[in-house]
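# Structure assessment
One-letter residues, chain by chain:
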Amino acid sequence: MVSRFCESRCHLNAFIRQAPVAIAMFDTEMRHIAYSHKWLDAFGMRADVLGRSLYDVLPRVPEHWRKLHRQALQGESVSRREDLLLSPDGRRQWLAWDASPWRASDQKIGGVLLAVQDITGRRAIEDALETNQAQLEAALASMTESIAIYGADGRLTQFNGGFVRFHRFDDAGDYKKSDPSFLEYYDESGHFVPWRDLPDRRAMNGETGIGLVYRLQRKETAAQWFGKYNFGPIRGRGGEIVGAVVTAHDVTEEKRADEARREAERRKDEFLAVLAHELRNPLAPIHNAVEVLRRTEDAPAEKRRTMLDMMERQVRHLVRLVDDLIEISRIERDKIELRRERCELASILQNAVETAQPLVEQNRHNVGLHLPTEKITLLGDPVRLVQIFANLVNNAAKYTPPGGAIEIRAERRGDEIVVVVRDNGVGIPPESLPHVFDLFMQGDSSRRVGGLGIGLALTCKLVQLHGGSIEAKSEGQDKGSEFIVRLPLQPSVPQTASPAKARGKVSDRPIRALVIDDDLDVGNSLGILLSTLGAEVRVVYDGSSGVDAVRDFAPEVVFIDLGMPGMDGCETARRIRSSQIGRELRLVALTGWGQDEARARTKEAGFDAHLIKPASLEALEQALQRDAQA
């Protein structure tokens, strides 16, 4: 009997010792009865632990382990899936283990059987995966662009805050509750993109895409925006597709800016074409008139007068085109300054109608001006205010057929004055209404009647400079137009009229005038014109000759072009002023530059007057008067 027991004990020890797992058998005092080689290896123990208490061998066994051992000794089978232990050799180990009682032949508990698995390696992998996941989530959260990750089944598994914002949701919960088909996709050409061709589907099919732009539209709100997408598949070790990643960022502003740039380019090209056309129109009759006068030197006075009147009209038209371009440029750069004074509304509107009268009479329009009975005073620049309403009346005359009606009605409404300019002309298409005050806007080509498309844009900006607003209305094609101007009202105060200045006249004794201009035609023609005004004239063609001519000719007034090569007009003026005779002269700048900066430069250089080419006859006459004010 004893021998058979010993034999069985030896067999049990041999079995446990060779077991492929870390296992040990303990008595009720937790002394080692049997153990496997794996057990010794797992804890870094020596082979002489037989009969020794587990707690002696592993003194750092935590108390909760000991408690569970006691539970096993009381008949419970317990387990702990993960626990950290410091082994005798100093290693930190993650263990998963099971404890269960073993029973003797009399069914009494003889001790505890412990099975332990070292999961340190697995735990390190899991920790690394958790770290990688946390890093990925942090990276996704920190990125502003939309990022979406799809699993092997094509379902969305992970997305960041950028994804939620990109799809116009308040939070992730709103997105998760939404209908999966809440979006419609369109390509850059505006064609609908079916589900199978969406970025995530293409990625799941193995495609890679970079920089593809789609227009997205929310079905329930019709909100639209543009996204630029990158996408591609996620592949496993064997190359199989196990998911997909899709990134996108909002390019709505870029697309709108790009569309605005293209529209600006189109408008610019259109404007240049219109400008060339508008400049050729007056040049053609001027050229024809020149040829007529050249070929018919002995033509009757009436014919010559007709040609000259026509040339004068066309030159004025050219000057008006250039003036409009300069005006809009100055306003766009905030370089215009209003000369505000108190002025009567009635006078402003009457002057505006008078200014537009030539075009009104040409088209035989009926114009009605309705003024309030009370005297209304505005604080503004009277020249600019006349320009505002003259532009509106001219615009109405241009787009109203001959014999049509134009009505100007003014009234006081609270603390503002409202002026309505209404016509029964061609009207404004609904799609053009939001753009009537855009620069170079003229509507479709079939309705254009000349001009550069500057007038209404200039009018709008001048109204705004006066603290007012302007609005355009029209019920559509051939139903007329209505422009409503609102301006702040100023209290009416009595004003003392300024005495009118008597206009001087050119002296009976010829005044000596010197013209300095590098353009021979401009200089010579101005010299001839000044001669017809009674002046004794000399013309030179560069600044250096001009300085010499001042000394030799002793002029009383000098007209100087600013843009001459070599010694420019300002330097020429300074040199003339530096001489004894030059201090008493009147210097007049003649230039195509009318900006405030140009006027400041000529004033600093010593000029007394600044005239814009082509100077009016009245301005030249004023300059030739000996008593002219600087």
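These figures come from a predicted structure and were not determined experimentally.

### Observations regarding the pairing of strand 1 (residues 22–27)
Burial analysis of strand 1 places six of its six residues in the buried class, which makes it a mostly covered element. Strand direction decides the pairing type here: strand 1 and strand 5 (residues 109–118), joined by six bridges, are antiparallel. Within strand 5, the position partnered with Ala22 by the bridge is Val116. Here strand 1 pairs with strand 2 (residues 32–35) via three bridges, running antiparallel. From the neighbouring strand, Ala24 faces strand 2, where its bridge partner is Tyr35. Following strand 1, the chain reverses through four residues before pairing antiparallel with strand 2; Met30 in that reversal takes a positive phi of roughly 60 degrees.

### Some thoughts on the packing of aromatic side chains
Under the definition given, this model contains 10 aromatic pairs. On the numbers, 6.3 Å between centres and 85 degrees between planes, the contact of Phe166 with Trp225 is edge-to-face. Of this pair, Phe166 sits in helix 6 (residues 161–166) while Trp225 sits in strand 11 (residues 224–235); the two residues are 59 residues apart in sequence, bridging distant segments of the chain. The exposure class assigned to Phe166 is buried, which follows from its relative accessible area of 4%. With 5.7 Å between their ring centres and 70 degrees between their planes, Tyr186 and Phe192 make a pair best called edge-to-face. Grouping aromatic residues by their ring pairs yields a cluster made of Phe166, Tyr185, Tyr214, Trp225 and Tyr229. For the cation-ring pair, Arg123 lies above Trp94, with the distance from its terminal atom to the ring centre recorded as 3.9 Å. The ring of Phe226 carries Lys255 above its face, with NZ or CZ at 5.3 Å from the centroid.

### Describing the sheet that holds strand 6 (residues 146–150)
Spatial strand order, 7-6-12-11-10-8-9: seven strands in an open sheet with antiparallel pairing. One side of each edge strand has no neighbouring strand; the edge strands of this open sheet are strand 7 (156–159) and strand 9 (192–193).

### With respect to the pairing of strand 20 (residues 512–516)
Taken across its five residues, strand 20 has four buried, putting it largely inside the fold. Taking the sense of rotation as the criterion, the β-α-β connection linking strand 20, helix 15 (residues 520–532) and strand 21 (residues 536–540) turns out right-handed.

### A few points about the confidence of the model for the protein
With 82% of its residues at a pLDDT of at least 70, the protein reaches an overall mean of 81. Note that pLDDT drops below 50 for residues 491–507; the model gives that stretch 17 contacts with residues more than four away or on any other chain.

### Quick look at the packing of helix 15 against helix 19 (residues 617–624)
Orientation of helix 15 relative to helix 19, taken along the N-to-C sense of each, is 70 degrees, at an axis distance of 11 Å. Considering their axes alone, helix 15 and helix 19 lie roughly perpendicular with respect to each other. The crossing of helix 15 and helix 19 is right-handed. Facing Leu526, Leu529 and Leu530 of helix 15, the residues of helix 19 in contact are Leu617, Leu620 and Leu624. Of the residues in the contact of helix 15 with helix 19, the class split is six nonpolar, no polar and no charged.

### Considering the environment of Ile119
By secondary structure assignment, the location of Ile119 is in the loop between strand 5 and helix 5 (120–142). When the C-alpha positions of Ile119 and Gln93 are compared, they lie 7.6 Å apart, and in sequence the two are 26 residues distant.

Definitions and cut-offs
Residues numbered from 1 in each chain as written. Predicted model: local features only at pLDDT ≥ 70, side-chain atom pairs only at ≥ 80, totals over all residues. Heavy atoms only, no water. Buried < 20%, exposed > 50% of the residue type's maximum accessible area, 1.4 Å probe, protein only. Helix = DSSP H or I, 4+ residues; strand = E, 2+ residues; numbered from the N terminus. Pairing = 2+ DSSP bridges. Phe/Tyr/Trp six-rings, centres within 6.5 Å; stacked < 30°, edge-to-face > 60°. Lys NZ or Arg CZ within 6 Å of the ring centre and 35° of its normal. Right-handed = clockwise from strand over helix to strand, strands pointing away. pLDDT = per-residue confidence, 0-100. Contact = heavy atoms within 4.5 Å. Axes fitted to C-alpha atoms, helices over the stretch in contact; angles between N-to-C directions. Parallel < 35°, antiparallel > 145°, perpendicular 65-115°, else oblique. Left-handed = near helix turned anticlockwise from the far one by under 90°. Nonpolar A, V, L, I, M, F, W, Y, C, P; charged D, E, K, R; others polar.

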